[in-house]
Amino acid sequence: MGIARSLEYADAQARARARIGAMPDESAWRYMAAATDLDNAIARMRASGLGHWVAALPRSPDTATLEHQLADRLQGLIGSIVRLLPGRWQGLKGWLREGAELVQSRLLMSSTDGGIAQTSSDGHLRASHLPDRGALNRGPRIRQKDDPDGMTAAFDLWMADFAQRCPRVTGRERYVVRRIRRIVSDHLQQIVLLRELAARSELIDINVQWRLRHQLANDLRSLLGGDPFHAGVILIYGLLELLQYEKCRALLIAQSRHWGAAEWMAGGG
């Protein structure tokens, strides 16, 4: 049974671990965030293991181009993760596709308003809102925005469905999947607390969300030891990639709108 499982996951875990190993570390994110302009940021991202997200971008893309290109790359990424998961994970495969559809829905809704949606940096992980330019000009402390189009609530419901869409598993795979569920659940509770503070009009340090994401990434990486031949490794890889999507989007849009990412994105990768 152990040999069969190793053979089943050998290619998937090799691909996932190679991608995880190529992800930029905290110092690399600081280097990218300190770019002098958008094209410089894109060049630094290409050189720092983020070619998947930015390789096809033209010179000096506008914000709408950035959004749609990143959404397309996200669709491709989710497709690759779906292919790595074994057949009995059909429920989670469908869950991942639904998440990508929600990102596309956000883009469609924002385009009808003639602008880019600001309600969520990345719905997959209940992202806090990207700050507007005025908030950044006032300093690192901001107030959270409302959720006028309901997309944040939709992503909340989507994320909450994660546990129910996982199949029954055993052994090390069961342990890792349970730990992933607990880590993500704890992280989301912290995000909810931030929202509650914002709802009471309390000022929030924007860097808190990035520190929480950084801790989430570290907690997920801590599960990579031991027996690697199970779907948990693929899930960890997928979540880490979603975190990269969120940070890439935030950094690129900040550069596109001349907000200056370095001050509020120094919380690590």
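Residues numbered from 1 in each chain as written. Predicted model: local features only at pLDDT ≥ 70, side-chain atom pairs only at ≥ 80, totals over all residues. Heavy atoms only, no water.

Section: the overall build of the chain
Then step 1. On a plain count of helices and strands, the chain comes out with twelve helices and two strands.
Then step 2. Each helix and strand of the chain, ordered N terminal to C terminal, gives the series α-α-α-α-α-α-α-β-α-α-α-β-α-α.
Then step 3. A buried classification covers 52% of the 269 residues belonging to the chain.
Then step 4. Pairs at least 24 residues apart make up 73% of the contacts formed inside the chain by residues separated by at least 6 positions. (Helix = DSSP H or I, 4+ residues; strand = E, 2+ residues; numbered from the N terminus. Buried < 20%, exposed > 50% of the residue type's maximum accessible area, 1.4 Å probe, protein only. Contact = heavy atoms within 4.5 Å.)

Examining the pattern of salt bridges
Then step 1. All told, the structure shown has ten salt bridges when counted by the stated rule.
Then step 2. The salt bridge involving Arg30 is made with Glu26; its shortest N-O contact spans 3.0 Å. Placement of both Arg30 and Glu26 in helix H2 (residues 26–33) is noted, with a separation of four residues, approximately one turn of the helix. (Salt bridge = Lys/Arg side-chain N within 4 Å of Asp/Glu carboxyl O.)

Quick look at the packing of helix H10 (residues 171–199) against helix H11 (residues 207–221)
Then step 1. Across the interface, H10 lies against H11 with an axial gap of 10 Å and an inter-helix angle of 175°. The angle between H10 and H11 falls in the class roughly antiparallel. Residue-level contacts link Ile180, Ile183, His187, Gln190, Ile191 and Leu194 of H10 to Val208, Leu212, Arg213, Leu216, Asp219 and Leu220 of H11.
Then step 2. Classifying every residue of the contact of H10 with H11 gives eight nonpolar, two polar and two charged. (Axes fitted to C-alpha atoms, helices over the stretch in contact; angles between N-to-C directions. Parallel < 35°, antiparallel > 145°, perpendicular 65-115°, else oblique. Nonpolar A, V, L, I, M, F, W, Y, C, P; charged D, E, K, R; others polar.)

Observations regarding the packing of aromatic side chains
Then step 1. According to the stated counting rule, one finds one aromatic pair in the structure shown.
Then step 2. On the basis of an interplanar angle of 45° and a centroid distance of 5.7 Å, the ring pair of Trp53 and Tyr245 is categorised as tilted. Separated by 192 residues along the polypeptide, Trp53 in helix H4 (residues 51–54) and Tyr245 in helix H12 (residues 231–256) bring together distant segments of the chain. For the pair formed by Trp53 and Tyr245, the shared burial category is buried.
Then step 3. The ring of Tyr31 is capped by Arg44, whose NZ or CZ atom sits 4.1 Å from the centre of that ring.
Then step 4. Lys247 extends its terminal NZ or CZ atom over the ring of Trp29, reaching a point 4.7 Å from the ring centre. (Phe/Tyr/Trp six-rings, centres within 6.5 Å; stacked < 30°, edge-to-face > 60°. Lys NZ or Arg CZ within 6 Å of the ring centre and 35° of its normal.)

Comments concerning the nonpolar core
Generally speaking, soluble globular proteins have nonpolar side chains that are buried together.
Then step 1. One finds Trp53, Trp89, Ile180 and Leu252 to be the most contacted residues of the largest nonpolar core, which totals 66 residues.
Then step 2. Those residues in contact with Trp89 that sit more than four places away from it in its chain are Tyr9, Cys166, Pro167, Val169, Glu173, Val177, Ala231 and Leu235. (Core = buried A, V, L, I, M, F, W, Y, C linked by side-chain atoms within 4.5 Å.)

Regarding helix H5 (residues 63–84)
Since the α-helix packs 3.6 residues into each turn, any two residues three or four apart lie on the same face.
Then step 1. Helix length check: H5, at 22 residues, gives a terminal C-alpha distance of 32 Å against a target of 32 Å (1.5 Å per residue), a fit within 8%.
Then step 2. When we look at burial in H5, the residues that qualify are Thr63, Leu66, Glu67, Gln69, Leu70, Ala71, Leu74, Leu77, Ile78, Ile81, Val82 and Leu84. (Expected span 1.5 Å × (residues − 1).)

A closer look at the packing of H11 against H12
Then step 1. The geometry of H11 relative to H12 is characterised by a closest axis approach of 10 Å and an angle of 160° between their N-to-C directions. Accordingly, the angle class assigned to the pair H11 and H12 is roughly antiparallel. The chirality of how H11 crosses H12 is left-handed. Counting all contacts with H11, which are made through Trp210, Arg213, Leu216, Ala217, Leu220 and Arg221, the residues of H12 involved are Ile236, Leu239, Leu240, Leu243, Glu246, Lys247 and Ala250.
Then step 2. A class-by-class count of the residues in the contact of H11 with H12 yields nine nonpolar, no polar and four charged. (Left-handed = near helix turned anticlockwise from the far one by under 90°.)

Brief notes about H12
Then step 1. End to end, H12 covers 37 Å across 26 residues, agreeing with the expected 38 Å (1.5 Å per residue, within 8%).
Then step 2. Downstream of H12 by one or two residues, His258 has phi in the positive range, about 60°.

Describing unusual backbone geometry
Then step 1. Located in the positive-phi region is Ser60, a residue other than glycine, with phi close to 45°.
Then step 2. One can find Ser60 in the loop between H4 and H5.

Concerning the side chain of Gln13
Then step 1. Among the structural elements, Gln13 can be located in helix H1 (residues 2–21).
Then step 2. With residues near it in sequence (within four places) discarded, Gln13 still touches Pro228, Phe229 and Val233.

Digging into a positive patch on the surface
Then step 1. A cluster of basic residues, Arg168, Arg174, Arg178 and Arg181, forms a positive patch at the surface.
Then step 2. With respect to the secondary-structure elements, Arg181 resides in helix H10.
Then step 3. Assessed through its relative accessible area of 35%, Arg181 is described here as partly exposed. (Patch = residues over 30% accessible without salt bridge, like charges linked within 9 Å, V, L, I, M, F, W, Y side chains within 5 Å. Areas by Shrake-Rupley, 256 points an atom, 1.4 Å probe, with all protein chains shown as cover. Lys, Arg positive; Asp, Glu negative; His and termini not counted. Charge placed at Lys NZ, Arg CZ, Asp CG, Glu CD.)

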